[in-house]
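Take a look at the letters that make up each chain.
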Amino acid sequence: MSDRLAVLPQYLLPKRALTVFAGKIANAKAGKLTTHLIEWFVDKYQVDMSEAADPDVASYTSFNEFFTRPLKSGIRPLANSDLICPVDGAISQFGPIAKGQIFQAKGHDYSATALLGGDSKAAAQFHDGSFATIYLSPRDYHRIHMPCDGKLTRMIYVPGNLFSVNPTTARGVPGLFARNERVVCFFESAAGPFVLTLVGATIVGSMATVWHGIVNPPRTKNIVEWDYTKDNIVLKKGEEMGRFMLGSTVVLLFPHNTLAFNSSWTAAKPVRMGEAMGSRP
């Protein structure tokens, strides 16, 4: 079966209604029912609870509390590298932003302008730059950390679709990451600007940042923007910047000649937060 045929049902499913329903279930505090749901999830996806700060599944009052669980202190040491991987997951794609286009999968590219909600001026900063797309599976740790020190300047919420973001869908849905709902965070670093984008997906109940809290819901029909240029929100490398309530994908953008990727990185390779992502040329 072709990837495009495999994802056809997603065009027909009531993705938004499913997502709202999943969000209610994930936030519910239903005692033993919640514990049974977590136990089922841990077993189905082989979640390694030995890494969790609290490995007792019965201690979590809601599924989202379990899903966004912190890890034990020191279990993700930070590499001695200019840039570190911000999440646990698997590398979807990475490489150059060729003439403003980002590679999604064989036969599919999308523009940096589209990813950034149509902001061509912001996208121009990353012309011929570098990108990295990392997929978080259900079993992964779902907090998102800083790849390097950065000062927050802006955040935008971009409404969109809620397709799944798994590898099959990435191969089958054109422009997937620029079509789905997303939260785009802009930072300034010692080497210039960079972007960290949180991409929503089917049943991803919400996305949150440490400075704002839950960004969605509510879901709006229009782009919503927050300006932080007058605030002094500075996050250090490895510090938490946000989290997913149910899994998804992050897309990072860097300007031209500011990142040389780790030579061991390859598409589909599993990665962990804190490992070396790359260095400054």
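Here, every reference points to the structure presented above.
Presented here is a report on the structure given in the accompanying data block. (Residues numbered from 1 in each chain as written. Predicted model: local features only at pLDDT ≥ 70, side-chain atom pairs only at ≥ 80, totals over all residues. Heavy atoms only, no water.)

### Describing helix H4 (residues 32-45)
Helical geometry note: an α-helix holds 3.6 residues per turn, so side chains three or four residues apart project in the same direction. As a reminder of what qualifies: Strands here are runs of E lasting at least two residues and helices are runs of H or I lasting at least four, both read from the DSSP assignment and numbered beginning at the N terminus. One less than the residue count of a helix, multiplied by 1.5 Å, gives the span that helix is expected to have. Burial classification: accessible surface area is computed with a 1.4 Å probe over protein chains only, and a residue below 20% of its type maximum counts as buried, one above 50% as exposed, and the rest as partly exposed. Directions are taken from the helix axis to each C-beta atom, and the arc is the one they span. In what follows, a contact means two residues having at least one pair of non-hydrogen atoms within 4.5 Å.
Compared with the 20 Å implied by 1.5 Å per residue over 14 residues, the 20 Å span of H4 between its first and last C-alpha is a close match. The set of residues buried in H4 consists of Thr34, Thr35, Ile38, Phe41 and Val42. One face of H4 carries all of its buried residues, which in axial projection span an arc of 125 degrees. Along H4, exposed side chains directed more than 90 degrees from the buried face belong to Lys32, Leu33 and Asp43. On the buried face of H4, the contacting elements are helix H5 (63-67).

### Re the environment of Glu275
Definition in use: What qualifies as a polar contact is a pair of N or O atoms within 3.5 Å, subject to a donor-acceptor requirement within protein and to the restriction that residues adjacent in sequence count only when both atoms come from side chains.
Its place among the elements puts Glu275 in the loop between strand E17 (270-271) and strand E18 (276-279). Put simply, Glu275 and Val87 are 188 residues apart on the chain and 9.3 Å apart in space, counted from C-alpha to C-alpha. Among all residues touching Glu275, those that are not within four sequence positions of it are Ala79, Leu83, Ile84, Cys85 and Trp265. One polar contact links Glu275 to Trp265, side chain to side chain, over a distance of 3.2 Å. Among the polar contacts listed, one links the side chain of Glu275 to the backbone nitrogen of Arg272, at a separation of 3.1 Å.

### What about the pattern of salt bridges?
Heads up, the rule is: By convention in these notes, a salt bridge is any Lys or Arg side-chain nitrogen within 4 Å of a carboxyl oxygen on Asp or Glu.
Inspection of every chain in the model, using the stated rule, returns eight salt bridges. Note that Arg272 is salt-bridged to Glu51, the shortest N-O span being 3.0 Å. Taken together, the residues Arg272 in the loop between E17 and E18 and Glu51 in the loop between H4 and H5 connect sequence positions 221 residues apart. Among the residues examined, Glu51 registers a relative accessible area of 11% and is labelled buried. Here Arg143 ties to Glu240 by a salt bridge, and the two come within 3.2 Å at their closest N and O atoms. One end of the pair, Arg143, is in strand E6 (residues 143-145); the other, Glu240, is in strand E14 (residues 240-245), with 97 residues separating them in the sequence. Pair check on accessibility: Arg143 and Glu240 agree, each one buried.

### Quick notes on unusual backbone geometry
Phi is positive for Gln46, close to 55 degrees, though the residue is something other than glycine. With respect to the secondary-structure elements, Gln46 resides in the loop between H4 and H5. Positive phi values are uncommon outside glycine, yet Lys99 reaches one of about 55 degrees. A residue is classified by how much of its surface remains accessible, and Lys99, at 70% relative accessible area, is exposed.

### Digging into the sheet that holds strand E16 (residues 260-261)
Short version of the rule: Whether two strands pair comes down to DSSP finding at least two bridges between them.
Taken together, the three strands give an open sheet; going across it, the order is E1-E18-E16, and neighbouring strands pair in antiparallel fashion. In this open sheet, the two edge strands, each paired with only one partner strand, are strand E1 (83-84) and E16. One ladder, built from two bridges, connects E16 with E18; its direction is antiparallel. Of the residues in E18, the one forming a bridge with Ala260 is Ser279.

### A short note on the sheet that holds E6
Put simply, the rule reads: Note on geometry: axes are C-alpha line fits, over the in-contact stretch for helices, and angles between N-to-C directions span 0 to 180 degrees.
Across the sheet, four strands lie side by side as E6-E14-E10-E11; this open sheet has antiparallel pairing. The two strands at the open ends of the sheet, each matched to only one other strand, are E6 and strand E11 (213-216). Averaged over all neighbouring strand pairs, the angle between strand axes comes to 25 degrees, with direction disregarded. Strand direction decides the pairing type here: strand E10 (residues 206-209) and E14, joined by four bridges, are antiparallel. Counterpart to Thr209 in the pairing with E14 is Gly242.

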